[in-house]
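For reference, the chains in residue letters:
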Amino acid sequence: MDELCARVKADPIAFRIKHLREQRIIDCLKAAAEAAKWEGRPSPQARIPDNGIVSGRGVACVAYEGNNG
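J.: I would appreciate a short explanation of the pattern of salt bridges in the present structure.
T.: Side chains bearing opposite charge may pair, as long as their charged atoms lie close to each other. Under the definition given, this model contains three salt bridges. Measuring nitrogen to oxygen at the nearest pair gives 3.1 Å for the salt bridge that ties aspartate 2 to arginine 16. Here arginine 16 lies in helix α2 (residues 12-19) and aspartate 2 lies in helix α1 (residues 2-7), a separation of 14 residues in the sequence. Residue classification places aspartate 2 among the partly exposed positions, given a relative accessible area of 32%. In this structure, glutamate 39 engages arginine 41 in a salt bridge whose closest nitrogen and oxygen atoms are separated by 3.7 Å. Judged by its relative accessible area of 49%, glutamate 39 is partly exposed.

J.: Can you walk me through unusual backbone geometry in this structure?
T.: Among all residues save glycine, negative phi is the norm, and among peptide bonds the norm is trans. Of note, lysine 9 is a non-glycine position whose phi angle comes to about 55°, a positive value. Its location among the elements puts lysine 9 in the loop between α1 and α2. In this structure, lysine 37 takes a positive phi of about 55° despite not being glycine. The topology assignment puts lysine 37 in the segment after α3 (23-35). By relative accessible area, which is 73% here, lysine 37 ends up exposed.

Thresholds, definitions, all that
- Residues numbered from 1 in each chain as written.
- Predicted model: local features only at pLDDT ≥ 70, side-chain atom pairs only at ≥ 80, totals over all residues.
- Heavy atoms only, no water.
- Salt bridge = Lys/Arg side-chain N within 4 Å of Asp/Glu carboxyl O.
- Helix = DSSP H or I, 4+ residues; strand = E, 2+ residues; numbered from the N terminus.
- Buried < 20%, exposed > 50% of the residue type's maximum accessible area, 1.4 Å probe, protein only.

Here's what the structure looks like:
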């Protein structure tokens, strides 16, 4: 999923929310993004700092059905 976001230069949270139908997961992603003070932007950042030190970020989610999780 993150590779798709990078390919289309989309924010990973916004991209997931746009393509999800499960409101419970959408609400969870929004709450996690708010708690983490998520900076909405495409990932990875286009510019590498002059010092060459980069940092990563990520997000993942899954919806289980029944006794599947």
